[in-house]
Structure formats: structure tokens, C-alpha cells
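Structural overview
Residues per chain, in single letters:
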Amino acid sequence: MEKQNLILAFESSCDETSVAVVADGQTILSNVIATQINSHKRFGGVVPEVASRHHIEEITICIEDALKEANVTYDDLDAVAVTYGPGLVGALLVGVNAAKTVAYAHHLPLIPVNHMAGHIYAARFVKPFEFPLMALLVSGGHTELVYMQADGQFEIIGETRDDAAGEAYDKIGRVLGVPYPAGKVIDEMAHQGQDTFNFPRAMIDEDNYDFSFSGLKSAFINTVHHADQIGETLDKNDLAASFQASVVDVLMSKTLRVLKEYPVKQLVLAGGVAANHGLRERLQAELPTKFPNTELLLAPLKLCGDNGAMIGAAGYIQYQHHQFGDASLNADPSLEFDWMPKMPH
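In this text, all values refer to a predicted model and were calculated from it rather than measured experimentally.

1. Section: the sheet that holds strand β5 (residues 110-114)
Strand order in the open sheet made by the 5 strands is β3-β2-β1-β4-β5, with mixed pairing throughout. Every interior strand has two partners, whereas the edge strands, β3 (27-35) and β5, have only one. Put simply, the sheet's adjacent strands are angled 20 degrees from each other on average, direction ignored. With respect to the sheet, helix α2 (residues 48-70) is in contact with β1 (6-11), β2 (16-23) and β3, its orientation differing from that of β2 by roughly 25 degrees. Strands β1, β4 (79-85) and β5 of the sheet are contacted by helix α3 (residues 89-105), whose axis makes an angle of about 160 degrees with β4.

2. Comments concerning the UniProt feature "domain: Gcp-like" (unreviewed entry) in the protein
Here, UniProt's "domain: Gcp-like" (unreviewed entry) annotation points to residues 27-312. Taken end to end, residues 27-312 has its terminal C-alpha atoms 10 Å apart, with 47% of it in helix and 16% in strand.

3. Overview of the UniProt feature "binding site: substrate" (unreviewed entry) in the protein
With numbering matched to this structure, UniProt assigns "binding site: substrate" (unreviewed entry) to L137, V138, S139, G140, G141, D170, G183, D187 and N276. Residue position: L137 is located in strand β6 (residues 133-138). Accessibility expressed as a relative area gives 0% for L137, which makes it buried. Look past the residues within four positions of L137 in its chain and what remains in contact with it is M116, H119, I120, H142, T143, E144, V146, A270, G271 and F337. Residue placement: G140 occurs in the loop between β6 and β7 (143-148). Ignoring sequence-local partners within four residues, the contact set of G140 consists of A164, G166 and E167.

4. A word on the side chain of T294
Following the sequence through the fold, T294 ends up in the loop between α9 (277-290) and β10 (295-298). Residue classification places T294 among the buried positions, given a relative accessible area of 10%. Within the structure, the side chain of T294 is placed 2.9 Å from the backbone oxygen of V264, a separation counted as a polar contact. Contacts of T294, omitting those with residues within four sequence positions, involve V264, K265, Q266, L267 and L287.

5. As for the environment of Q26
Locating Q26 in the fold gives a position in the loop between β2 and β3. Assessed through its relative accessible area of 39%, Q26 is described here as partly exposed. When the C-alpha positions of Q26 and Y121 are compared, they lie 9.4 Å apart, and in sequence the two are 95 residues distant. Excluding its chain neighbours within four sequence positions, the residues that come into contact with Q26 are R124 and F125. At 2.8 Å, the side chain of Q26 forms a polar contact with the side chain of R124.

About the thresholds
Residues numbered from 1 in each chain as written. Predicted model: local features only at pLDDT ≥ 70, side-chain atom pairs only at ≥ 80, totals over all residues. Heavy atoms only, no water. Pairing = 2+ DSSP bridges. Helix = DSSP H or I, 4+ residues; strand = E, 2+ residues; numbered from the N terminus. Axes fitted to C-alpha atoms, helices over the stretch in contact; angles between N-to-C directions. Contact = heavy atoms within 4.5 Å. UniProt positions renumbered as here; feature names shortened; annotations may be inferred. Buried < 20%, exposed > 50% of the residue type's maximum accessible area, 1.4 Å probe, protein only. Polar contact = N/O pair within 3.5 Å; in protein donor to acceptor, adjacent residues only side chain to side chain.

Given below as C-alpha cells:
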């Protein structure tokens, strides 16, 4: 039996410290995640300085646990992969420096991974990718449609012009009195309410594939404030349902339109908001009838949030193409998908 390729992968871009061991880019041997949600809850969002300090406290413990759980040692590893952007610069630096140290000390190649590429490759654990594919990437900081003609090639077809979908959830969560992170609770509330408020569906009819969620957020906040001023009580579940219906309608309509122009073999749903049941249900209901030749790949629920395993999966592709970093690797908080050249086959 051929020796497995083993990658130790680091993720620390926001408020999760995660270290994973991934075999051959497709099997998770360990995926240790230390979350900081409780530390950020009282602030209603992530405080970068607090996040960075937590990463420093957690990272060495996560490395030890990941190796132990995978039952491997440093000598068994083939490479080290790490998220180097986008994200919070202080948080990213912790993972980048830990990964650089391990790579240097154990003479291993270092693989710098784009966090967003990582989210897409979370779906690789479901089954192999078939190209061309389209990814609907919805997270706290990003909402974009990404077209892939091959592994490691990313072309942004449409993206948000203001708030990302996840950001809008957290902002309206504060108005509803839902603790951070609000997405899961609002999703649950939405399933118990009705879309009675008919909030705007921004840019839904525009001839492009871009998104905008700040108008929806403002309409929502204004509706709630107006009711407060006149002493009217609004049904919170209906508010949540109306908000979610608007978000999902826009995401669905843009995605279905982009698939007409870009016929693909697979549609990948990934990113933190990909855990949203309203969105998953709509895609599962509508894609098979409207695009029977496009297979839906949903990132596993436990891999929608930030985790090291997805970084290992994306890193494995780069390992195969010898895309390595060196000791000068630095965090890049506003990293974007660069046009990776066509890979030689």
C-alpha cells in the first residue's frame, strides 16, 4: 500500500483555532477546533485583540491534540498548510507563525492557503470535484459565486457589494436580541415564522451576479425601530422568517441565473452560512428540477464553519502543484482569489 500523504493544517483567521491532520486531501484523521464564541458573545461580535490572545493560548494544545488524535508524529508528515488570509491580521499571524515554526523545525514544505479556497474544499470531503463547477460561497465576511474550471483555479463571477450574508445575520441578531453568532438561532426562528414583512430583495432583477444585503439590513432595523416608537409588538419569528426569505431568495435567484450562463457539473455550497437550513432546503428542492445535470455538493454541516480540515484539503491540491511558501510568508488580511494559471497536467 502506498504511503498516505499527510498534511498538518492550521486555521486561525477569525475566532476558531483549528489544527487538523488530513490524509491524501480527502480523509480527516483529526480536526481539533477550539472555539471562542463564549468570549465574544458579550461584545456581540469578534474582538480582534481578544481573538488573537485566545489563538496564542490554544494553538500549541491544538497541535498536540491533532497529532495525538490522528495517531501520527511530526516524522510522518509530508507538509504543513496554513490559512494566510483573508481574515483578522492578528489572528492570522498566530497560525502563520505556528505553521512556519513547525515547517522549519521539521524540514517540511509550507503551503499558504487562501481561507476562501479552504471553504470550497470543505465539500471535497463529500466526494471528488468534477469540473467545471460553481461554488456559492456564503460566510460572515464573504458572499460570492466562484467558477472553477480546474482544481486551484478560481474566477469570481459575482460578489457582495456591501455586507456579506453572514454579517447581515449578526447585525439583525443584535436588534432581535439574539446572542452572537446569530445565524443558527435566526434560522431556527425563521422556520417557525412566516414571511409577512416582504423585505426588499436587493439587486434581484439586475443583470449581474452581485449581491447586496445592507439595504435589507436597514429595512429590517427601520421596521423594528418604527414599531418600538409606536409601541407595537412585532412577531420575532415572522421578522426572522421575512429576513431569511429575502436572503435566500436573492442567493437562489442569482445562483440559478449564473448556472444558465455557466453550465457546470457540480454546484458547491460552502462557508459559514452554508449551514443555514433554509438555504440548504431551497437548493435541494429547486436544483434537481431546474438543473438536473448539475450535482449539488453541500459542505458537511460540521465543516461549514472555520476548521483546519478544509485547509488541509485545499493545501493538498497546492502540494501536488508544488505551490509552497517560505520563511517570508506573512498574513494577508485582505487576500483575494488570485487567478491561478492553468495547471500543467
